[in-house]
Amino acid sequence: MSAVRWFRKGAEILALAGIALMFVFPFLWMTLTALKGMDEVHVFPPTWIPEQILWENFAQAWGSGPFLTYFFNSIFVAVAILVLQIVTGVPAAYAFARYRFRGSKVLFALTLIALMIPPQLTFLPVFIQMSEWDLLNTYLPLILPYAASAFGIFLLRQAFMQVPEELIEAARLDKASEWQIIWTIMLPMAKPVLITFGLFSFIYHWNDYFWPLVMTNNDAFRTLPLGIAMLKSSEGSIYWNIVMAGNVILVLPILLMFFMAQRQIIRAFVYSGVK
Amino acid sequence: MRAAEKLRPYLFTAPSMLIFWLFFLYPIGYMIYLSFTSWNMIHPVKEFVGLENYQELLADPDFHQVMSNTVLYTVLSVLIALGLALVLALWLNRSGWVYSMMQGAIFSPYIISLVSVSLLWLWLMDPQYGLLNWLLGLIGLPPSPWLSHNDTAIYALVLVSVWKMVGYNTLVCIAGLQSIPKELHEAAQLDKASVWSEFWRITLPMLSPTLFFLLVVNTISSFQVFDTVKIMTQGGPVNSTNMLVYYIFEYGFEFFKIGYASAAGVVLFVLIGLMTVFHFLILSRRVHYR
């Protein structure tokens with residue numbers, strides 16, 4: 001009996017390890033390839049451990065374009081978006097959660113619609129708008145359309161609705177202004193939600209390829225995902241070791257964040273759907 | 001003082017609403033208008049052409065193939081990713097570090113840039129030196145052309161999509177499973193219901209809102225596939241992986257047929273709109289039945 005149970009447990013562990021490998025091994029393979037020389041990349045059957053570990057592949061990938069600019073742009077755009085989303089989202093969420101006002105249903109419906117409309121639907125008209133306003137070749141087409149987040153407003157609104165009314169009444173009796181109420185009562189109570197949303201927004205925009213691809217045609221404003229994708233686009237044979245080295249540079253910050261804050265990140269993304 | 005108080009909610013919501021109007025709602029209207037014009041992005045005049053773009057779209061055999069590719073890709077990715085996720089969720093919905101590590105492992109592709117995912121799989125699927133063909137060789141199968149043949153390319157993209165999505169679906173399913181009241185399972189066990197009938201009578205019905213939600217969300221997001229197409233196949237070989245958003249992108253940004261691209265965009269808008277409305281109808285029906 002016990003032998004059967006041990007056998008079943010062992011089989012399960014083996015199956016689990018196999019599944020985990022399917023999801024994790026590609027990342028490992030990416031790193032191994034990034035460390036190989038080009039002649040070793042073209043060995044079939046493939047070798048596992050690189051004969052010679054070539055760290056300089058990373059330097060070569062980094063040096064094959066204005067990667068410092070791409071890197072700066074990625075961070076700048078993702079942080080600017082997050083800051084703006086919080087600046088616009090907190091008062092809006094507070095208004096939806098705490099005020100009753102004429103037209104609130106219409107405005108909330110507008111927020112709902114914004115939540116439903118994906119960038120893949122608006123990119124063409126928004127690009128034309130941006131060119132008509134003469135804003136192409138600035139950071140604005142990358143940042144402005146994301147300056148408010150419907151998802152952020154939803155999350156914050158829910159958090160603000162849970163703050164007990166008595167706390168706010170007490171603050172109002174103490175002649176606290178609305179901004180003070182937001183700053184000293186609402187935001188501290190909503191801290192976990194802010195962290196969740198911040199992780200979601202930063203990771204989304206750090207990873208984003210589609211929007212910057214459409215909105216930029218100048219290296220000065222391109223972001224890291226575009227630069228990494230261009231590593232491959234040269235005609236002729238692809239230098240897989242260099243491409244994978246670039247890939248490691250793109251993925252590493254996110255994977256490190258995931259190791260450190262796995263639970264928060266999972267919650268951020270799982271909740272982004274389950275509302 | 002009172003007037004200021006009355007104005008306050010509008011001031012608080014104004015910045016967000018302005019953004020939503022300018023970059024979400026208005027562009028849709030603008031796109032619908034553009035779809036009735038002929039314009040190359042440079043010419044000063046947008047010439048009104050009525051329904052011509054739509055007629056051209058419907059007559060274009062490439063567009064037919066694009067639509068059938070998109071539907072095939074969506075149906076396969078969604079069904080496979082959802083089915084696998086259900087199995088994985090039932091399996092991994094346990095406490096203990098092994099299971100939480102497993103959940104993290106299968107979720108990790110979901111938070112990685114699609115650029116990385118695309119490049120990584122392009123390399124794994126390399127017909128000459130790729131690891132996947134080496135693996136096929138190990139189990140005695142002939143090598144596959146993967147992305148380089150029009151019979152297999154779209155299935156290769158489905159594989160990549162499933163790999164990326166399944167972890168998200170699994171974790172949402174696990175969240176759904178954990179919200180099923182424990183008493184229901186206990187009652188079933190008291191009644192000595194078999195594991196199988198407990199699954200069919202309790203778990204699946206209670207999980208059905210979650211599964212339905214995932215079905216809709218996955219369908220909408222698969223319908224908009226772009227990044228993998230752009231990086232891995234550019235719609236080829238022979239158009240076999242050209243899908244709706246890539247088609248719009250090509251006509252807009254490579255052929256500069258803005259009116260035509262907008263008409264295709266309106267098609268995407270209508271389809272996404274229908275799916276969203278359908279989702280809400282079902283949701284509101286469920287609320288009424290309670």
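Quantities reported herein were computed from a predicted structural model and do not represent experimental measurements.

Draft legend 1. The overall build of chain B, seen in detail. Scanning chain B for helices and strands turns up 12 helices and 2 strands. Reading the secondary structure of chain B in the N-to-C direction produces α-β-β-α-α-α-α-α-α-α-α-α-α-α. Its C-alpha atoms give chain B principal-axis dimensions of roughly 75 × 75 × 35 Å. In chain B, which comprises 290 residues, the share counted as buried stands at 53%. Pairs at least 24 apart in sequence give 66% of the contacts found in chain B among residues at least 6 apart. Here chain B has roughly 13,800 Å² of accessible surface; of this, 69% comes from carbon and sulfur atoms. Of note, chain B has its 14 positive side-chain charges centred 17 Å away from the centre of its 15 negative side-chain charges.

Draft legend 2. Molecular detail of the overall build of chain A. Helix and strand content of chain A: 15 helices and 0 strands. Computed over the C-alpha atoms, the radius of gyration of chain A is 24 Å, more than 25% above the 19 Å expected from 2.2 N^0.38 for a compact globule of 275 residues. If one aligns the C-alpha atoms of chain A with their principal axes, the spans along those axes are about 75 × 70 × 30 Å. Taking all 275 residues of chain A together, 55% fall into the buried category. For chain A, the exposed surface amounts to about 13,500 Å²; the carbon and sulfur share of it is 67%. Seen as two clouds, the 17 positive and the 15 negative side-chain charges of chain A have centres 16 Å apart.

Draft legend 3. Geometry of the domain arrangement of chain B. Residues and elements named next belong to chain B. By the assigned domains, chain B splits into domain 1 (25-59 + 257-290) and domain 2 (71-243). On a C-alpha basis, the centroid separation for the pair domain 1 and domain 2 is 30 Å. Each side of the interface is counted separately: domain 1 has 9 residues, and domain 2 has 8 residues. Together domain 1 and domain 2 conceal approximately 770 Å² of surface at their shared face, both sides included; 89% is due to carbon and sulfur atoms. Considering only the side of domain 1, the residues that lose the most area to domain 2 are Ile272, Met275 and His279, jointly responsible for 56% of the buried surface there. The interface formed by domain 1 and domain 2 includes 0 salt bridges.

Draft legend 4. Examining the interface of chain A and chain B more closely. Listed per partner, the contact involves 90 residues of chain A and 81 residues of chain B. Carbon and sulfur atoms supply 80% of the area that chain A and chain B bury against each other, a total of about 7,600 Å² over both sides. It is Phe23(A), Leu121(A) and Leu124(A) in chain A that bury the most area against chain B; as a group they hold 9% of the surface buried on that side. Put simply, chain A and chain B have 1 salt bridge between them. At the boundary of chain A and chain B, one finds 15 residue pairs in polar contact (both at pLDDT 80 or more). Among the elements that make up the side of chain A that touches chain B, the one with the highest residue count is helix H1 (residues 2-34) of chain A (15 residues). The residue inventory of the side of chain A that touches chain B, partitioned by class, reads 71 nonpolar, 13 polar and 6 charged.

Draft legend 5. Summary view of the packing of helix H3 (residues 61-92) of chain B against helix H9 (residues 195-223) of chain B. Residue and element names in this part refer to chain B. Taken N-terminus to C-terminus, the directions of H3 and H9 make an angle of 145°; their axes are 10 Å apart at the nearest point. You can see that H3 and H9 cross each other, and the crossing is right-handed. Here H3 contributes Thr70, Tyr73, Thr74, Ser77, Val78, Leu82, Leu86 and Leu90 to the contact with H9, which in turn contributes Phe199, Thr203, Leu204, Leu207, Leu211, Leu214, Leu215, Asn218, Thr219, Ser222 and Phe223. The residue inventory of the contact of H3 with H9, partitioned by class, reads 12 nonpolar, 7 polar and no charged.

Draft legend 6. Structural detail: the packing of helix H4 (residues 67-98) of chain A against helix H1 (residues 2-34) of chain B. For the pair H4(A) and H1(B), the least separation of the axes is 8 Å and the interaxial angle reads 130°. As the angle between them shows, H4(A) and H1(B) are arranged oblique. Classified by chirality, the crossing of H1(B) by H4(A) is left-handed. Taking contact as the criterion, the partners of Thr88(A), Gly89(A), Pro91(A), Ala92(A), Tyr94(A), Ala95(A) and Phe96(A) in H4(A) are, on H1(B), Pro9(B), Phe12(B), Thr13(B), Pro15(B), Ser16(B) and Met17(B). The residue inventory of the contact of H4(A) with H1(B), partitioned by class, reads 9 nonpolar, 4 polar and no charged.

Draft legend 7. Spotlight on the domain arrangement of chain A. Each assigned domain of chain A is listed with its residue range as follows: domain 1 (2-58) and domain 2 (65-233). When each unit is reduced to the centre of its C-alpha atoms, the spacing between domain 1 of chain A and domain 2 of chain A is 38 Å.

Draft legend 8. Layout of helix H3 (residues 56-63) of chain A. Residue and element names in this part refer to chain A. Among all positions of H3, only Asn57, Phe58 and Ala61 are buried. Buried positions in H3, seen along its axis, are confined to an arc of 100° and lie on one side of it. Along H3, the residues that are exposed and aim more than 90 degrees away from the buried face are Ala59 and Gly63. Its buried side turned inward, H3 meets H1, H4, helix H13 (224-232) and helix H14 (240-260).

Draft legend 9. Quick look at a nonpolar patch on the surface. Residues Ile75(A), Val79(A), Val83(A) and Val87(A) make up a contiguous nonpolar surface patch of about 310 Å² in total accessible area. Mapped onto the fold, Ile75(A) is located in helix H4.

Draft legend 10. Spatial organisation of the side chain of Asp60(B). Residues and elements named next belong to chain B. By the element assignment, Asp60 lies in the loop between helix H2 (52-59) and H3. One buried charge, Asp60, has no salt-bridge partner; the nearest side chain with opposite charge is Lys257, at 7.7 Å. When near neighbours in sequence (up to four residues on either side) are disregarded, Asp60 contacts Tyr247, Tyr251 and Tyr260.

Draft legend 11. The packing of aromatic side chains, seen in detail. By the definition in use, this model includes 60 aromatic pairs over all chains. Here Phe269(A) and Tyr110(B) contribute two aromatic rings whose centre-to-centre distance is 5.9 Å and whose plane-to-plane angle is 90°, an arrangement assigned as edge-to-face. On the criterion of chain membership, the pair formed by Phe269(A) in helix H15 (residues 262-271) and Tyr110(B) in the loop between helix H4 (97-107) and helix H5 (114-124) is interchain, its members lying in two chains. Between Lys46(B) and the ring centre of Trp39(B), over which it is positioned, the NZ or CZ distance is 4.4 Å.

Draft legend 12. Here's a closer look at helix H11 (residues 191-207) of chain A. Residue and element names in this part refer to chain A. Its 17 residues give H11 an end-to-end C-alpha distance of 24 Å, which sits within 8% of 24 Å, the value for a rise of 1.5 Å per residue. Burial runs high along H11: 12 of the 17 residues are buried. Within the span of H11, buried status applies to Leu194, Thr196, Phe197, Gly198, Leu199, Phe200, Ser201, Phe202, Ile203, His205, Trp206 and Asn207. Against H4, helix H8 (150-161), helix H10 (178-189), H13, H14 and H15 lie the buried residues of H11.

Cut-offs and rules
- Residues numbered from 1 in each chain as written.
- Chains lettered and ligands numbered in written order.
- Predicted model: local features only at pLDDT ≥ 70, side-chain atom pairs only at ≥ 80, totals over all residues.
- Heavy atoms only, no water.
- Helix = DSSP H or I, 4+ residues; strand = E, 2+ residues; numbered from the N terminus.
- Buried < 20%, exposed > 50% of the residue type's maximum accessible area, 1.4 Å probe, protein only.
- Contact = heavy atoms within 4.5 Å.
- Areas by Shrake-Rupley, 256 points an atom, 1.4 Å probe, with all protein chains shown as cover.
- Lys, Arg positive; Asp, Glu negative; His and termini not counted.
- Charge placed at Lys NZ, Arg CZ, Asp CG, Glu CD.
- Rg over C-alpha atoms; globule rule 2.2 N^0.38 Å.
- Domains from an automatic or database assignment.
- Buried area = accessible area lost by both parts, 1.4 Å probe.
- Salt bridge = Lys/Arg side-chain N within 4 Å of Asp/Glu carboxyl O.
- Polar contact = N/O pair within 3.5 Å; in protein donor to acceptor, adjacent residues only side chain to side chain.
- Nonpolar A, V, L, I, M, F, W, Y, C, P; charged D, E, K, R; others polar.
- Axes fitted to C-alpha atoms, helices over the stretch in contact; angles between N-to-C directions.
- Left-handed = near helix turned anticlockwise from the far one by under 90°.
- Parallel < 35°, antiparallel > 145°, perpendicular 65-115°, else oblique.
- Arc of directions from axis to C-beta.
- Patch = residues over 30% accessible without salt bridge, like charges linked within 9 Å, V, L, I, M, F, W, Y side chains within 5 Å.
- Phe/Tyr/Trp six-rings, centres within 6.5 Å; stacked < 30°, edge-to-face > 60°.
- Lys NZ or Arg CZ within 6 Å of the ring centre and 35° of its normal.
- Expected span 1.5 Å × (residues − 1).

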